[in-house]
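Below are the chains, spelled out letter by letter.
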Amino acid sequence: MVNIVLIGFMGVGKSTIGKMLGDKLSYRFLDSDDEIEKIAGVSISDIFNSYGEEYFRELEFQVLSNIIDEAKLIISTGGGAVMNRKLFNILLSKGIVIHLDASIETLYDRLKDSNDRPMLYHDDLEKRIEELYKLRRPIYMRAHYTINTDGKTKEDINNEILQIINCDLTGN
Ligand code: S3P
């Protein structure tokens, strides 16, 4: 069976939805950030602080390009993972890639109290989110499927994904 890869901006709910899907489908759920933390032995923030973003991106590439070779996985990726074109292409070729989309307003609301995301350590959070969103959203749109999550419950989103997977796998 094929893997399911969730991509999208920070705070969109990739991990929460991924866990729910994993339970529903009896697929193993893996969060790439958790895997990176296990390997590094320190938190994502500490990796950024001590070694910088570039080193984090190398670990992210290694972790994701390795785990995608297992079967029957639901993988939740960090929001910046697919900015690496090579990595995005690997994920597209080895799984069904689903982009969880949300408006900037929704994302700001979900991220305004976040303090464990180094990419958002900036004076003007709203501006920073907008800047990254504009840069990243066109890339996320290369996913096989995009689901708008605005105003939807986790259950709604989960059901939409299940429908997509069903149709994709049966060709309907
Ligand atoms: C990042 C997103 C984070 C994490 C790291 C970098 C990004 O994951 O990988 O802080 O560049 O968008 P989430 O998308 O799960 O917050």
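Everything numeric here is computed off the predicted structure, so don't read it as measured data.

Caption draft 1: Highlighting the side chain of Arg-128. Structurally, the position occupied by Arg-128 is in helix α7 (residues 125-140). Here His-122 takes part through its side chain, which lies 3.3 Å from a polar atom of the side chain of Arg-128. Arg-128 has contacts with Met-119, Leu-120 and His-122, leaving out every residue within four places of it along the chain.

Caption draft 2: Local environment of the site of the ligand. Residues in contact with the ligand amount to 13 residues; listed here are only the nearest, Lys-14, Arg-57, Gly-79, Arg-117 and Arg-136. One of the side-chain N or O atoms of Lys-14 is found 2.5 Å from an oxygen atom in the ligand. The separation between an oxygen atom of the ligand and a polar side-chain atom of Arg-57 is 2.6 Å. For the ligand, whose unbound accessible area comes to 390 Å², protein coverage reaches 94%. One can see that the ligand is located within the largest pocket. Grouping the constituent residues of the shell around the ligand by class yields five nonpolar, three polar and five charged.

Caption draft 3: Examining the layout of surface pockets more closely. In this structure, the largest pocket occupies an estimated 550 Å³ of space. Secondary-structure elements contributing two or more residues to the lining of the largest pocket are α1 (14-25), α2 (32-40), α3 (44-51) and α4 (53-67). Taken together, the residues of the lining of the largest pocket sort by class into seven nonpolar, eleven polar and ten charged.

Caption draft 4: The arrangement of the pattern of salt bridges in detail. Following the criterion strictly, the structure yields ten salt bridges and no others. One salt bridge in this structure joins Lys-152 and Glu-160, with 2.8 Å as the shortest N-O distance. A single network of salt bridges, built from pairs that share partners, joins Glu-53, Arg-57 and Glu-60.

Caption draft 5: Here's a closer look at the sheet that holds strand β1 (residues 3-7). Spatially, β2-β3-β1-β4-β5 is the arrangement adopted by the five strands of the open sheet, whose pairing is parallel. Pairing within the sheet leaves two strands with one partner each, and these edge strands are β2 (28-31) and β5 (145-148). Across the sheet, the mean angle separating the axes of adjacent strands is 20° when strand polarity is ignored. Where α1 meets the sheet, its contacts fall on β1, β2, β3 (73-76) and β4 (95-101), and the angle it forms with β3 comes to roughly 175°.

Caption draft 6: Quick look at the environment of Glu-131. As for its placement among the helices and strands, Glu-131 is situated in helix α7. In this structure Glu-131 comes out as partly exposed when scored by relative accessible area, which is 44%. A polar atom in the side chain of Glu-131 sits 2.9 Å from the side chain of Arg-128.

Parameters at a glance
Residues numbered from 1 in each chain as written. Predicted model: local features only at pLDDT ≥ 70, side-chain atom pairs only at ≥ 80, totals over all residues. Heavy atoms only, no water. Helix = DSSP H or I, 4+ residues; strand = E, 2+ residues; numbered from the N terminus. Polar contact = N/O pair within 3.5 Å; in protein donor to acceptor, adjacent residues only side chain to side chain. Contact = heavy atoms within 4.5 Å. Near = heavy atom within 4 Å. Areas by Shrake-Rupley, 256 points an atom, 1.4 Å probe, with all protein chains shown as cover. 1 Å grid on protein atoms, 1.4 Å probe; cavity = no way out; pocket = protein on both sides within 12 Å on 5 of 7 lines; lining within 4 Å. Sits in = over half its atoms within 2 Å of the grid points. Nonpolar A, V, L, I, M, F, W, Y, C, P; charged D, E, K, R; others polar. Points joined across faces, edges and corners; volume = space filled by probe spheres on them. Salt bridge = Lys/Arg side-chain N within 4 Å of Asp/Glu carboxyl O. Pairing = 2+ DSSP bridges. Axes fitted to C-alpha atoms, helices over the stretch in contact; angles between N-to-C directions. Buried < 20%, exposed > 50% of the residue type's maximum accessible area, 1.4 Å probe, protein only.

This is a description of form; function is not addressed.
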